[in-house]
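Close look at the chain arrangement
Spelled out from the first residue to the last, the chains are:
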Number of protein chains: 2
Amino acid sequence: MPAAKRMVAMIENSSFIRKMFEEGTKLKAQYGQDNVYDFSIGNPDVPPPPEFKKTLLDVIENGPGHGYMPNPGWPAARTAVAEYLAKEQGVAMSMDYVMMTPGASAGLNVVLKAILNPGEEVITVAPYFVEYGNYVEVAGGVLKTVPAGPDFGLDPQAVGAAVTAKTRAVLINSPHNPTGAVYTKEQLDGLAGVLEEAKEKFGQRIYLISDEPYRKIVYDGIVVPSVFQAYDHSFVVNSHSKDLSLAGERIGFAALNPKADDAAEIAASMVIALRIYYVNAPSLMQLTVARLQGAVVDVSLYQKRRDMICQGLAEAGYEFTTPGGAFYLFPKSPLADDVAFVNILKEERILVVPGSGFGGPGYFRISYAVPDKTIENSLPGFKRAMEKVG
Amino acid sequence: MPAAKRMVAMIENSSFIRKMFEEGTKLKAQYGQDNVYDFSIGNPDVPPPPEFKKTLLDVIENGPGHGYMPNPGWPAARTAVAEYLAKEQGVAMSMDYVMMTPGASAGLNVVLKAILNPGEEVITVAPYFVEYGNYVEVAGGVLKTVPAGPDFGLDPQAVGAAVTAKTRAVLINSPHNPTGAVYTKEQLDGLAGVLEEAKEKFGQRIYLISDEPYRKIVYDGIVVPSVFQAYDHSFVVNSHSKDLSLAGERIGFAALNPKADDAAEIAASMVIALRIYYVNAPSLMQLTVARLQGAVVDVSLYQKRRDMICQGLAEAGYEFTTPGGAFYLFPKSPLADDVAFVNILKEERILVVPGSGFGGPGYFRISYAVPDKTIENSLPGFKRAMEKVG
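The text that follows walks through the structure, step by step, so that each part is easy to find. (Residues numbered from 1 in each chain as written. Chains lettered and ligands numbered in written order. Predicted model: local features only at pLDDT ≥ 70, side-chain atom pairs only at ≥ 80, totals over all residues. Heavy atoms only, no water.)

Here we look at the side chain of Asn238 of chain B
Residue and element names in this part refer to chain B. Selection rule: Runs of E in the DSSP output that reach at least two residues are strands. Runs of H or I that reach at least four are helices, and both are numbered from the N terminus. Three labels apply to residues, based on accessible area from a 1.4 Å probe with only protein chains included: buried if under 20% of the type maximum, exposed if over 50%, partly exposed otherwise in between. Polar contact is defined as a pair of N or O atoms within 3.5 Å, subject to the rule that within protein one atom must be able to donate a hydrogen and the other to accept it, and that residues adjacent in sequence are counted only when both atoms are side-chain atoms. Between two residues, a contact is recorded if the distance between any of their heavy atoms is within 4.5 Å.
Within the secondary structure, Asn238 sits in strand 7 (residues 234-239). What makes Asn238 buried here is its relative accessible area of 3%. Looking at Asn238, its side chain comes within polar contact range of the main-chain oxygen of Glu212, at 3.2 Å. Once residues within four sequence positions are removed from consideration, Asn238 is found in contact with Gly103, Ala104, Glu212, Pro213, Arg215, Gly252 and Phe253.

In structure tokens form, the structure reads like this:
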């Protein structure tokens, strides 16, 4: 066995999402692109905002070239993000607490590496983005999950009940993948209270890590509350994969609340973690997004799709919570066995991901980052699948 | 102590190179940019070849956009690299054995993660690029070093003497950082022989990993021999940081010799390792370098600088081996204590890195990826420093 043993195990357990992606490719080859309704992957298909290309071309023409920059990123990019975050989060920020990272996944890895000692626990809310388990494990920690509250909201008491002396961090994601839930200010304040109580009880500071790549993809006038205002000992990790539709370019950041306990030491650890375990974010994209803080794709395109899929599934008899953000819907599977139901949908050439793949069995995930006509043409199939099992 | 304990240790041991970089920034603020001769960092300062910008703009205008691609990279990019490698290395290649990575450091990490089991050993030749130690440690392995041969060449017998039943890989770098040595075909063939003997003796296959970011930066008509031809069980890791002057953009690849034992399983492990531990290479740069395989910066600029610094140091009485490639020179320190001599050079506002920082005490490293006038103006200082200690 020449590959590392743990890698061979990982090949066998390769994620549901990726498997769906590959099966989708096969079905499309067989039936034609337009006759397969692929809701399996969250790959933004709306174009970047128009100012993106203009800015990119200007950076190429007039920027500092393509060489190395300091590990945590171009000062101009870190400063721009800090200034934007100060407004968005409503707290004083400086570039010292912002690291540009190649996407949010890198940002989360850097934060976890910076704070976790071997065996320490990280709590997240299930259902959850399954890669979190890998990120925590790679950083030497242990991921524990607690159930979501009603409508997939955050339940501070559930988190409180799971806290132990080994808990080092709580990792939240809002707007949420795979449910589209947006946590409320009351929920964040409740969580902050629970974490302060835990500090009293166990003596150790628990950090809050907020993964926010969908922050700007929200509907119906919803405002995503500020994590930095709710709790001092916090990180915000973000990427421009979704809000600027740049998923393939790997550009994001990890920011630390300057009021966090021992903020300077943690920030220094983040810089080292980025250097040792990762690489800097790509130069051209750093300098481009520096000038596009606050810009966002046309969210109304996603809102229209959300409304189409929600209306269609409601008419077909599916139960679900209407998502307030992101581009995911997480309906209840009409069969207790969500994998079985996903296979029934596949007979209709509809590709979705079983909730089991997100620690949420009995549900399935629809990514509606797809063309309108994919949604429209899939609805009869969703209806037939429901009739088959209903 | 809120940051992870191992990170705090790393902050304290932060690399020589980075420290020099920061001290350099301070000196420059004090004496002015032009009065500090900074040879401490290998940041290419020659522009990318002219076709780079044209291609980049065309990819922006006519490419597939900025979304996700399959983890190992755009098929067009993997295919282009495979086709180029087939010519360069003189072996049959396909895209299945090429992963696009965000630079060579990511490529090396992906290869090491893909093959190393906990506690397995990797042998490299000292002096060496110190980050290798981190890469191997992060992958759960142990780095062992063997001394270089004459003129910093590869000594196959030294490698052979260090092989044990736990040896999993040999990691070489040619053209070499920090010495500029280029390994010969005879040295590679000798190493291949040693590794085949080790297979007979210990039963386990030892893989050869060749880190080649300076492959195209060579002088005096030197040709870098093919690792894939010398030994079947081999990887080539490369980046376009140096040959296209794109160090900040993080674009490179890791390629596996299709003839390697269990090549398919290892390639699958590399894909997973890239997904779990790293991120895909940035989309725009993948598609751009796909069309620039074989292109290279104007190497004559580096050759001119090599000649200037070599002539100047020879006249000042320094001993060194003339480098055949890369943009580094590794002279003998006139004091046994290289750190002390580096501090004497600093009094002349000359910044170089002590050989100790590369596992090569008694030497120091000059990176001559700097403007001609930096070299010219530094030479009197090099001379005075020699006179002080001589």
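Brief notes about the sheet that holds strand 11 (residues 353-354) of chain B
Residues and elements named next belong to chain B. Spelled out, the test is: For two strands to be treated as a pair, DSSP must find no fewer than two bridges joining them.
Strand order in the open sheet formed by 3 strands is 9-12-11, and the pairing between neighbours is antiparallel. Either end of the sheet is taken by a strand with one partner, and the two such strands are strand 9 (328-329) and strand 11. Direction of pairing for strand 9 relative to strand 12 (residues 364-367): antiparallel, over a ladder of 2 bridges. Pairing of Tyr328 across the sheet is with Ser367, part of strand 12.

Side note on the interface of chain B and chain A
In plain terms, the rule: Accessible-area loss on putting two parts together, using a 1.4 Å probe and summing over both, is the definition of buried area adopted here. Any Lys or Arg side-chain nitrogen located within 4 Å of an Asp or Glu carboxyl oxygen qualifies as a salt bridge.
At the junction of the two partners, chain B supplies 71 residues and chain A supplies 71 residues. Counting each side, the surface lost to burial between chain B and chain A is near 5,700 Å², with a carbon and sulfur contribution of 55%. Our count for the contact surface shared by chain B and chain A stands at 4 salt bridges. One salt bridge in this structure joins Glu61 of chain B and Lys53 of chain A, with 2.8 Å as the shortest N-O distance. Remark: the boundary between chain B and chain A carries 32 residue pairs in polar contact (both at pLDDT 80 or more). At the level of elements, helix 1 (5-12), helix 3 (50-62), helix 5 (104-115), helix 6 (131-138), helix 10 (263-277) and helix 11 (283-290) of chain B are the ones that each hand at least two residues to the side of chain B that touches chain A.

Quick notes on helix 12 (residues 299-315) of chain B
All names here are of chain B. The condition is simple: Each helix should span, by expectation, one fewer than its residue count multiplied by 1.5 Å.
Between its first and last C-alpha, helix 12 extends 24 Å over 17 residues, near the 24 Å set by a 1.5 Å rise per residue. All of the buried residues in helix 12 are Val299, Tyr302, Arg305, Arg306, Met308, Ile309, Cys310, Gly312 and Leu313. Those residues of helix 12 that are buried are in contact with strand 9, strand 12 and helix 14 (372-389). Just beyond helix 12, the residue with positive phi is Gly317, at close to 95°.

Structural notes on the relation of the copies chain B and chain A
To be explicit about the condition: Least-squares superposition aligns the copies on the C-alpha atoms of those residues with pLDDT at or above 70 in both.
At an RMSD of 0.0 Å, chain B and chain A line up after a rotation of 180° and a shift of 0.0 Å along the axis. Each copy turns onto its partner about a two-fold axis.

A short note on the pattern of salt bridges
As a working rule, side chains carrying opposite charge can pair if their charged atoms are close by. Residue and element names in this part refer to chain A. Inspection of every chain in the model, using the stated rule, returns 42 salt bridges over all chains. The partner of Lys373 in a salt bridge is Asp34, and the shortest N-O contact between them spans 3.9 Å. In this pair, Lys373 is assigned in helix 14 (residues 372-389) and Asp34 in the loop between helix 2 (16-31) and strand 1 (37-38), connecting sequence segments 339 residues apart. Where Lys388 meets Glu348, a salt bridge forms, and the shortest distance between an N and an O atom there is 3.4 Å. Of this pair, Lys388 sits in helix 14 while Glu348 is found in the loop between helix 13 (338-347) and strand 10 (350-351), placing the two residues 40 residues apart along the sequence. On the basis of relative accessible area, Glu348 is assigned to the buried category, the value being 10%. Through salt bridges with shared partners, a single ionic network connects Asp45, Lys304, Arg305 and Asp372.

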